[in-house]
Amino acid sequence: MLVRLLYASRAVDTSPAAIEAILAQSRSHNAPSGITGVLCYGGGVFLQAIEGGRSAVSALYAHIQRDPRHKDVELLHFEEIDERRFGGWTMGQVNLSRINHSILLKYSEKPELDPYSVSGKVSYALLEELMATASIIGRH
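In this text the structure is predicted, and so the values were computed from the model without any measurement.

So, the overall build of the protein chain
Helix and strand counts for the protein chain stand at four helices and five strands. Element order for the protein chain, N to C, with α for helix and β for strand: β-α-β-β-α-β-β-α-α. For the protein chain, buried positions account for 47% of its 140 residues.

Here it is in structure tokens:
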């Protein structure tokens, strides 16, 4: 059974090296577990969608909740899915400093990433738009 989980968290260390280390670890560990997804990062905030088998996704989310590199981990949405939406990425990345702020403004009060203040449905719609506008990089 495939599932999709969407969560938000805040980075403890916001340095570029720390963010790249999180991405590198995701890419190396997720593929063997059948996990795919996308990670948005901006202003110290992560928005991540992860897809895969229910047990693998649950285990990964539990690991993220205990990961000292993340704080304020919050579940935004969880659903059973018929097919993957982010199947082409072991962990695609969106660098929000490089996208048009009008996309962010379309889905929130201010042109900044704040998944804590919007619904999981709205956060997922943002990810869909970022995919449609080819804002996701790091296809592996």
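Back to the text.
Things to note about the nonpolar core
Grouped together as the largest cluster of nonpolar side chains are 21 residues, with contacts concentrated most on Leu6, Cys40, Leu47, Phe86, Leu126, Leu127 and Leu130. Taken together, the elements giving at least two residues each to this core come down to β1 (2-11), β2 (36-42), β3 (45-53), α3 (101-107) and α4 (120-132). Here this core gets five residues from one element, more than from any other, and that element is α4. Among all residues touching Phe86, those that are not within four sequence positions of it are Arg4, Thr36, Gly37, Val38, Ala49, Glu51, Tyr124, Leu127 and Met131. In terms of nonpolar packing, the next biggest core, distinct from the first, is built from nine residues, Val3, Tyr7, Leu60 and Ile64 among them.

Quick look at the packing of aromatic side chains
Inspection of every chain in the model, using the stated rule, returns three aromatic pairs. Geometrically, the ring pair formed by Tyr41 and Phe46 is tilted, given 4.9 Å between the ring centres and 45° between the ring planes. Exposure remark for Tyr41: the relative accessible area of 15% places this residue in the buried category. By relative accessible area, which is 0% here, Phe46 ends up buried. Ring geometry for Phe86 and Tyr124: centres 6.2 Å apart, planes at 80°, overall edge-to-face. A residue pair is termed long-range when its members are at least 10 positions apart, and Phe86 in the loop between β4 (70-81) and β5 (92-95) and Tyr124 in helix α4 qualify at 38 residues. Across the pair, Tyr124 and Phe86 agree in class, each one buried.

Basis of the calculations
Residues numbered from 1 in each chain as written. Predicted model: local features only at pLDDT ≥ 70, side-chain atom pairs only at ≥ 80, totals over all residues. Heavy atoms only, no water. Helix = DSSP H or I, 4+ residues; strand = E, 2+ residues; numbered from the N terminus. Buried < 20%, exposed > 50% of the residue type's maximum accessible area, 1.4 Å probe, protein only. Core = buried A, V, L, I, M, F, W, Y, C linked by side-chain atoms within 4.5 Å. Contact = heavy atoms within 4.5 Å. Phe/Tyr/Trp six-rings, centres within 6.5 Å; stacked < 30°, edge-to-face > 60°.

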